[in-house]
Each structure stands twice: as structure tokens, then as C-alpha cells.
Protein chains: 2
Amino acid sequence: MEEIGASAKQASAKIATATSDQKNIFLEKLAEILINHTDDIISINKKDVDNAITINADDAFIDRLTFSHANINLMADGLMKVAKLNDLIGQTSNKKRMPSGIEVAQMRVPLGVIGMIYESRPNVTIDAAALAIKSGNSIILRGGSESIHTNKYLALLIRESLNIANLPEASVQIIETTDRSAVTEMIRLIKFIDVIIPRGGKSLIQKITNEAKIPVIKHLDGNCHIYIDEYANIEQAVSITDNAKTQRLGTCNTLESLVVNSKNAAIFLPKLKKIFDDKSIEIRGCERTKEHLPSIISAKDQDFYEEYLGPIISCKIVDSIEEAIQHINKYSSSHTESIITENNDNAVKFIREIDSSSVMINTSTRFADGFEYGLGAEIGISTDKFHARGPVGLEGLTSLKYVVFGSGQIRT
Amino acid sequence: MEEIGASAKQASAKIATATSDQKNIFLEKLAEILINHTDDIISINKKDVDNAITINADDAFIDRLTFSHANINLMADGLMKVAKLNDLIGQTSNKKRMPSGIEVAQMRVPLGVIGMIYESRPNVTIDAAALAIKSGNSIILRGGSESIHTNKYLALLIRESLNIANLPEASVQIIETTDRSAVTEMIRLIKFIDVIIPRGGKSLIQKITNEAKIPVIKHLDGNCHIYIDEYANIEQAVSITDNAKTQRLGTCNTLESLVVNSKNAAIFLPKLKKIFDDKSIEIRGCERTKEHLPSIISAKDQDFYEEYLGPIISCKIVDSIEEAIQHINKYSSSHTESIITENNDNAVKFIREIDSSSVMINTSTRFADGFEYGLGAEIGISTDKFHARGPVGLEGLTSLKYVVFGSGQIRT
């Protein structure tokens, strides 16, 4: 692990000053190579899939693990999109002349070496390598042991593309051992790794955060809320709530908890219930919700903390926007919250006072996503405030250094 | 400690949405109160100073601990300057309309609760409180035990000013116990504290970084370099080197190591030696430096890693800018480095390839400072890349959340 770290650090000095052309050649070549090797990738991936079936992995797991022609095309498309993104590295901003005569600006620079720890989806191997290289960083990838054959083969194709672009091979390295101690070592390698990005279940991320000696860009859970304000457009409220909950059940920006102003409960809740009944979504409500929907299950306090990632939603009735904000700031995981309102003051209040990485007005929480925000791609979503918050694209993998231009000035 | 943390967190929600007026009233009132209580502050500070004399603290320590009329005026001026700075909180930027119809922007928000751990200088108590409040954060202050009487009294004056501005008292809290376990508890209080900022000796900061469970904005040492390029203006090189080393010996942006291109060594080094001899600065040089200055002491490898903070400088002769960059990136602490050159290509190469928080051309490393960079004030200098790099002003104490404006959009 020390050796991998040291070579990644050494490579990072070269990749930091690589030209945009070199980085884009890498991305375009890798896209081409992936397409040309589609059959090989699928046949090697089948080893991992067969192993997963042997150990009775569940369907969702196998689905995430499996590569198809469509998956591989999507990865190649993603690479071409990253190639087209602006190269941020070396850009200067905020230039100003100071009274002393010096000019001060900030230059965007890479973080250095990224350590990425992730579970089964092997497409992360390609996506993360692409974003790391485009942002001038080296990356060390530690995928799930279940996708080891796929990842090792992808590493070969990545190395080939790096060579074509005349970039150091060590700028993308895959940890080939499935030994868990590799992760423990990796997250303490402060001499060589500048940031750890874990992707996976909450327990994995919590464990890494607790033990890491290196800064972590972490994404815990997405207990997302929608608040139906007193001044909501009810049709919009129903359609947005339906979309946020049911468009996809298992994503981190899926709606998990609904907060309804009491003035709208009588009209809004029965309309929503009808749709949710059709889609088999279970509502777990507070006592006041039950007054309007007597057949539903009572919510326990724990329900309001829950990221269900499934066909369940909690519901709380409040009497004011203040109470809504207080409830949400208490139970939310600070991922994404939306207010449905036609009242500008309430919209502004919600946006200012809700302490989450994305705060929305009159739209679906499902939009909290790097592509939907125009970042071009995302390496993860940060529920932290430090360094990067919300969807993390290229900029989140960079830092700013000060550059100072003088002509002989000294300090007096 | 839990109680202090919880109340700071609670207060942070209020201070986050305080108006600019409220925050500025706090700052202006505190300035007024400090001036009005100058005599009381000095007499209470005398207790700490007397105690320090009793335990035979050294002169530099006592100097840092002691308040004078001039100090107190400076603090009050500082507060008025912070009051005049723009309020960043609530500002939105990067607004753009996406193909889906939603508008996405980023809003500047406070980090939440700052934990500040510092050694003797009690003016930090006032400076840090001012920056925290102006940037919408709560702060918990843990000063050195030697300044406990001064800090407790300043806390009283701060509370009075918070009350006048109708801001929660718990937004600035001072830990009144001098028990060291308070620090250990504080740096693990992840539930309530969002960032730790330590200021003090390298060993304190390293200990905190090792043990903290919370992100740390850390400033380790300042082993700053100047490289005298082949194309340097020699008069400028001499004057800048002299200023960077001798204007103040004990600051983190003081020059500690000189790298000289061999083509200039014969003319530059004797000129510099003459000045340094007059000022009793000792040069420790590599073997090639000794060929030009036979009377100097030989530098050991360890010398090139040293932050002397005193009248010593190391010196290395190199044959190319590449060798200079390699030497600096190896030995530097990534604080501040400057190149003296009239050659644009070399200047650009140096700026791009030196991996430090400030990189300069033709000027003195002593300019690496929040005031000289126009930040208005600084709470510290970060030698990290993560979150904030270089001098940390108001912006370093904030984060960006995404705000999304819709009109009924759902994701398809």
C-alpha cells in the first residue's frame, strides 16, 4: 500500500501539469478501447457475476454488478462528455492589485491523490478515473471484492489509454488484493493520499470516517423532505411529491418524508393517498395525518429519521413554516429538501433557514444530481459542509492556491 | 463540553440568519466597549502576566501575553475593519438555467460551529470571535491556560456586545476550565462542532490533527523558499531576500531557505553575505555554496527541512529551474515560495509546478498574509489543500449550498 501511495504521489506531480490535450486524449482513447473490447469486458464480468450467483447475492446486487452493451456504451459516452468539459486546472480568478503594488490571484490546482473506496458497481472504476485525470489528480481505486475480475481488466484498458496519452501509469491504480486490511491502511496513508471518497452503504462510510486520518468527502444518507406550504399550488404539490417519491425508490435524492401544512392537509392528503395506493406506497403518519387518512400506520419517532429506500414514506402535519423548518432541520440528513409554495417570503425563508446541501422551491428532490446541476459528471454527493457540499464534480476535486505577481516589492 | 457544544449548535442556527446590521452592531459595540474598558483589561491582564513571570516564562511569551493601550486600540480597529467587510452570507452565485427548466445557483452559508484552540496571545479571542460572527458562525474558544483571566474578562465584554446586538450569548463561548481534557473532548465533538482551527506550535497542531474526529484547518510550519533564477535581476534578488529573511525573523512567512542558480551564485552570494553579516544572519550552505562563501557552516540534510524562526538560513545551489522546483517541492512545508526572475517562461513554470499555498514572482514571502492579500482579516493560514488553502479569511469559514428554483418541474 505504501508503494502504491508513493507512486501515485509521484505521478500526481506529472498529471497536475499535463496539458488539456493529453487528458482528453486519454478520455477519448479509453472510450474507444471500451467500445472495442465490449465482448471481452462482458465475458470477464461474467466471472464476477457467476461468483455472485454462487454466493446467493440478491438480485439488486447482481443487477448493479452486471455489464451489458448498454452499460458499456453509457460509460464510453460519459468519458466523451468529461473530455468536453472545461479544464479548470491552471485557471486564475479573483485577480486584484493591492496597495503594496503586488497583484494577488488564485489558481485552480488539483488536490493531489484521491483514494476512492466503493462497493459493487464496476462502472465507478471508469467514471472516477475519468474525473480524477480530467481534474489533474492521481487516483487509487479500491472496488468491492465481488467485482475484482472486472476491475482488474478495466485497469488494463485504463493503463493502455494512459500510455497512449503519455501520462504516467501510476496516475490510476487499482488495488488488486481483496484483503480488507488494505482499506484500513489506505485511509491512514496521510503522507501520500489527499482525500478519501467512499461510496457505499452508510455503515461502510461511517466506519471509514471514524478511522480515516485523511479528509473524507462523505455521503451519508438521503432522508429528503418536501414541505407542502400553506400557499402551495395543490396540483403541483401532488405531482412533485409523486415524482420525488416514486420515479425511483432507491436513490439518495428520493423523497422519504413529507411535511404538510395543516391548512392544506384535508385537500392534499386524500389526493396523494389515491396515487400512492395505486403505486403501493405505504404512508406512515403522525396522529394528525391519521385524522385525515385513518387507514394508515402510525409513524414512530424513528420513522422520521429513516431513509427507507423503498415503498414507504413518513408524513408529519405542522401549523406553520417555522414548525416545518424546525422539524426538517431536526430529522433531515442534510441532503435535499424542497418547499412547494407560491409565497415568495416563505420560499426565501425556507431557502435561508434549511441547513441542507440542496434546498429547492417548487420542484422534485430527484433533481439533486451532478448532471441535472450542469456539473457534467459527479463523483459523489457530499452531505458535509467542509470543502464540497452537494453533488461533487470536477471543481470538488480541486483546490485554489494563491499566486502573487510582484516587480521587486518588499514589505515595510 | 457536551453542553457548550449543544448550545453553540443551537445558537448557530440564529447567527446563520442574523442580519448584516446585527452582526455589525456587535462588532462596533465590542470595539467601543474594549476602548472604554482599556484600564480594566490591562489590570486584569496583569494577573496573567504576573503569573507567567512567577513561573519564569520567557520574554517572548510574556510579550505575546501582555496587553497595552496600543494592543487594545489595534483590536478595536480590527473590529471596525471587519464590520466594514462585505457580508458574504446569503449571497448567491453561478446561477444558471438547466435544460430541464430548473434554475440552479449556489448560496454562501456559514460552516456552523467553529472550535478554536490557541496558545497565549489573548487578542486571538477578539479577532476570532469577530470573524466567526461576521461569517455567521458560532465559536467555542479554548485559549492558553496562561491567559485565562484575560480571556474570561474578554468573554464578559463579548457577551455584553452580543446582547446589545440581540444575538445569542452562546454564539461565542470561552472554555473556562484550564483542564487539558477539555481539548481532547472538544476535538471529538462531531455532533456539535463543524471545524477545528488550532493555532500554536507544530507539536500542538500535529497532536490535534492526529486525534481530531472533526475537520481541521491546520497550519503546520512555514519553511519558505526563494529561488534566485538564472534570469534574476540581482539587485532585486538581494533586496527581496534581505526583506524576506530579516524584516521579521519569527513569522511563518519568513524566508528559511534560499535556492540559487549556479550561474548567479558568484555575483549574488557575496552581496547577500555582506548584508547578512551586518545583521548577524548565519548562512548554512551546501558544498557548492561553500565554494563561494568558504567561511560559512555546512548545511546538513535536516537543515533544508528546518523552520528556524531565527537568524539562520539554509542555502542550496542548483543548475536549473527544474532542479530548483524539485528541491523545493521535496523540502518545503507548502507554505510560500517565491522566484526571482525576468524570464516569463520560468515564472509560469514555477507558479504551475510549485505545490504550495502561495507561489510568488519577484516579491517577498513576507507578503503571504490575509491583510496583504486583501482578505480584510485572517483567522489563520492553511497549509492544507482541502477546503481552504493559504490565508483564511471570512470565505474560509463558509460553505456553499445548492439552491434550486423550479415552477413545478418533475424529473422524467
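Residues numbered from 1 in each chain as written. Chains lettered and ligands numbered in written order. Predicted model: local features only at pLDDT ≥ 70, side-chain atom pairs only at ≥ 80, totals over all residues.

Student: Outline the overall build of chain A, listing residues and values.
Tutor: Scanning chain A from N- to C-terminus turns up 14 helices and 16 strands. Dimensions of chain A along its principal axes, counting C-alpha atoms only, are 70 × 65 × 35 Å. Considering chain A as a whole, with its 412 residues, one finds that 53% of them fall into the buried category. Counted over contacts in chain A with a minimum sequence separation of 6, partners at least 24 positions apart contribute 72%. (Helix = DSSP H or I, 4+ residues; strand = E, 2+ residues; numbered from the N terminus. Buried ≥ 20, exposed ≤ 12 C-beta atoms within 10 Å, placed from the backbone. Contact = placed C-beta atoms within 7 Å.)

Student: Describe the pairing of strand 8 (residues 255-261) of chain A, listing the residues and the values that go with them.
Tutor: Residues and elements named next belong to chain A. With seven of seven residues buried, strand 8 is to be regarded as a mostly interior element. As defined by bridge partners, strand 7 (residues 224-228) adjoins strand 8 across five bridges and the pair is classed as parallel. Within the sheet, the bridge partner assigned to isoleucine 226 lies in strand 8 and is leucine 258. In this region the chain leaves strand 7, passes through helix 10 (residues 234-246) and returns to the parallel neighbour strand 8; the handedness of that crossover is right-handed. In terms of strand pairing, strand 8 meets strand 11 (residues 312-318) through five bridges, oriented parallel. Across the sheet, the residue bridging to valine 260 is isoleucine 317, located in strand 11. (Pairing = 2+ DSSP bridges. Right-handed = clockwise from strand over helix to strand, strands pointing away.)

Student: Requested: an account of the confidence of the model for chain A, with residues and values cited.
Tutor: Chain-level statistics for chain A give a pLDDT mean of 95 and a share of 100% at 70 or above. Here the predicted complex scores 0.92 on pTM and 0.93 on ipTM. (pLDDT = per-residue confidence, 0-100.)

Student: Could you give an account of the domain arrangement of chain A, naming the residues involved and the relevant values?
Tutor: With domains assigned, chain A is organised as domain 1 (2-218 + 384-405) and domain 2 (224-367). The C-alpha-based centres of domain 1 of chain A and domain 2 of chain A are spaced at 35 Å. (Domains from an automatic or database assignment.)

Student: Account for the environment of Ala57(B), with residues named and values stated.
Tutor: Residue and element names in this part refer to chain B. Secondary-structure assignment places alanine 57 in the loop between helix 3 (38-54) and helix 4 (59-65). Note: C-alpha distance between alanine 57 and glutamate 146 (89 residues apart in sequence) is 9.9 Å. The contacts of alanine 57, once residues within four sequence positions are left out, are Ala52 and Ile62.

Student: Account for helix 13 (residues 321-331) of chain A, with residues named and values stated.
Tutor: Residue and element names in this part refer to chain A. Listed in full, the buried residues belonging to helix 13 are Ile321, Ala324, Ile325, Ile328 and Tyr331. End-on, the buried residues of helix 13 take up no more than an arc of 150°, which puts them together on one face. Exposed residues lying more than 90 degrees from the buried face of helix 13 are Glu322 and Lys330. On its buried face, helix 13 is in contact with strand 7, strand 8, strand 11, strand 12 (336-340) and helix 14 (344-353). (Arc of directions from axis to C-beta.)

Student: Please set out the sheet that holds strand 4 (residues 138-142) of chain B residue by residue, giving values where relevant.
Tutor: All names here are of chain B. Reading across the sheet, the four strands line up as 5-4-3-6 and stay open at both edges, with parallel pairing between neighbours. Looking at the sheet topology across the chains shown, the edges are occupied by strand 5 (172-174) and strand 6 (195-199). The average undirected angle you get between the axes of adjacent strands in this sheet is 20°. Alignment of strand 3 (residues 113-118) against strand 4, held across five bridges, turns out to be parallel. Following the sheet pairing, glycine 115 is matched in strand 4 by isoleucine 140. (Axes fitted to C-alpha atoms, helices over the stretch in contact; angles between N-to-C directions.)

Student: Which residues make up the relation of the copies chain B and chain A, and what values do they have?
Tutor: Rotating chain B by 180° and translating it 0.0 Å along the rotation axis places it on chain A, where the RMSD comes to 0.0 Å. In symmetry terms, the pair is related by a two-fold rotation axis. The C-alpha atom lying nearest the rotation axis in chain B is that of His387(B); the distance is 1.9 Å. Taken as a fraction of all interface residues of chain B, those also at the interface in chain A reach 100%, which identifies the copy contact as same-surface. (Least-squares fit on C-alpha atoms with pLDDT ≥ 70 in both.)

Student: Describe the interface of chain B and chain A, naming the residues involved and giving the relevant values.
Tutor: Contacts between the two partners involve 52 residues from chain B and, on the opposite side, 53 residues from chain A. Listing elements by their share of the side of chain B that touches chain A, those giving two or more residues are helix 10 (234-246), helix 14 (344-353), strand 13 (358-361) and strand 16 (398-409) of chain B. Looking at the side of chain B that touches chain A element by element, the count peaks at eleven residues for strand 16 of chain B. As paired elements, strand 16 (residues 398-405) of chain A and strand 13 of chain B share four bridges and run parallel to each other. Within strand 13 of chain B, the residue paired with Val403(A) across the bridge is Val359(B).

Student: With reference to specific residues and values, describe the sheet that holds strand 8 of chain A.
Tutor: Hydrogen bonds between backbone groups are what pair the strands of a sheet, and the pairing can be parallel or antiparallel. On the basis of which strands lie adjacent, the open sheet formed by ten strands has the order 10(A)-9(A)-11(A)-8(A)-7(A)-12(A)-13(A)-16(B)-2(B)-1(B) and mixed pairing. This sheet does not close on itself; its edge strands, each paired only once, are strand 10 (297-298) of chain A together with strand 1 (92-97) of chain B. Two strands pair when backbone bridges link them, and strand 9 (residues 282-285) of chain A and strand 10 of chain A are joined in this way by two bridges, in the parallel orientation. Of the residues in strand 10 of chain A, the one forming a bridge with Gly285(A) is Ser298(A). Against the sheet, helix 11 (residues 262-278) of chain A makes contact with strand 7, strand 8, strand 9 and strand 11 of chain A, and its axis sits at roughly 145° relative to strand 8 of chain A, the strand it touches most.

Student: Account for the packing of helix 2 (residues 20-36) of chain A against helix 5 (residues 69-84) of chain A, with residues named and values stated.
Tutor: Residue and element names in this part refer to chain A. Where helix 2 contacts helix 5, the axes come no closer than 8 Å and their chain directions differ by 165°. As judged from the angle between their axes, helix 2 and helix 5 are roughly antiparallel. Crossing handedness for the pair helix 2 and helix 5: left-handed. On the side of helix 2, the interface is formed by Asn24, Leu27, Glu28, Leu30, Ala31, Leu34 and Ile35, while helix 5 contributes Ile72, Met75, Ala76, Leu79, Met80, Val82 and Ala83. Along the lines of polarity and charge, the residues of the contact of helix 2 with helix 5 split into twelve nonpolar, one polar and one charged. (Parallel < 35°, antiparallel > 145°, perpendicular 65-115°, else oblique. Left-handed = near helix turned anticlockwise from the far one by under 90°. Nonpolar A, V, L, I, M, F, W, Y, C, P; charged D, E, K, R; others polar.)

Student: An account of unusual backbone geometry is requested, with residue identities and associated values reported.
Tutor: All names here are of chain B. Positive phi, normally seen in glycine, also occurs at asparagine 94, with a value near 55°. Locating asparagine 94 in the fold gives a position in strand 1. According to the C-beta neighbour criterion, asparagine 94 is partly exposed, with 13 such atoms within 10 Å. Unusually for a residue other than glycine, serine 334 sits at a positive phi of about 65°. Summarising the element assignment, serine 334 is placed in the loop between helix 13 (321-331) and strand 12 (336-340). On the neighbour-count criterion, serine 334 (24 C-beta atoms within 10 Å) is buried.

Student: Requested: an account of the environment of Ala368(A), with residues and values cited.
Tutor: Residue and element names in this part refer to chain A. Residue placement: alanine 368 occurs in the loop between strand 13 (358-363) and strand 14 (380-382). With 32 C-beta atoms counted inside 10 Å, the residue alanine 368 sits in the buried group. Separated by 143 residues in the primary sequence, alanine 368 and histidine 225 have C-alpha atoms spaced 12 Å apart. The contact partners of alanine 368, leaving out residues within four places of it in the chain, are Asn253, Thr336, Ser358 and Pro391.

Student: Summarise helix 6 (residues 123-134) of chain B; cite the residues concerned and give the values.
Tutor: All names here are of chain B. In this model, helix 6 (twelve residues) spans 17 Å end to end at C-alpha, consistent with the 16 Å of a helix rising 1.5 Å per residue. Counting buried positions over the twelve residues of helix 6 gives eleven, a clear majority of the element. Within the span of helix 6, buried status applies to Val124, Thr125, Ile126, Asp127, Ala128, Ala129, Ala130, Leu131, Ala132, Ile133 and Lys134. In the stretch just after helix 6, glycine 136 is the one whose phi turns positive, near 75°. (Expected span 1.5 Å × (residues − 1).)

Student: Give me the lowdown on the nonpolar core, citing residues and values where you can.
Tutor: Grouped together as the largest cluster of nonpolar side chains are 247 residues, with contacts concentrated most on Leu79(A) and Leu79(B). Contact partners of Leu79(A), with chain neighbours within four places excluded, come to Leu27(A), Leu30(A), Ala31(A), Ile126(A) and Ala130(A). (Core = buried A, V, L, I, M, F, W, Y, C linked by C-beta atoms within 7 Å.)

Student: Quick rundown of the pairing of strand 9 of chain A? Include the residues and the values.
Tutor: Residues and elements named next belong to chain A. The sheet contact formed by strand 9 and strand 11 spans four bridges and is parallel. Counterpart to glycine 285 in the pairing with strand 11 is cysteine 315. Handedness of the strand 9-helix 12 (residues 287-292)-strand 10 crossover: right-handed.

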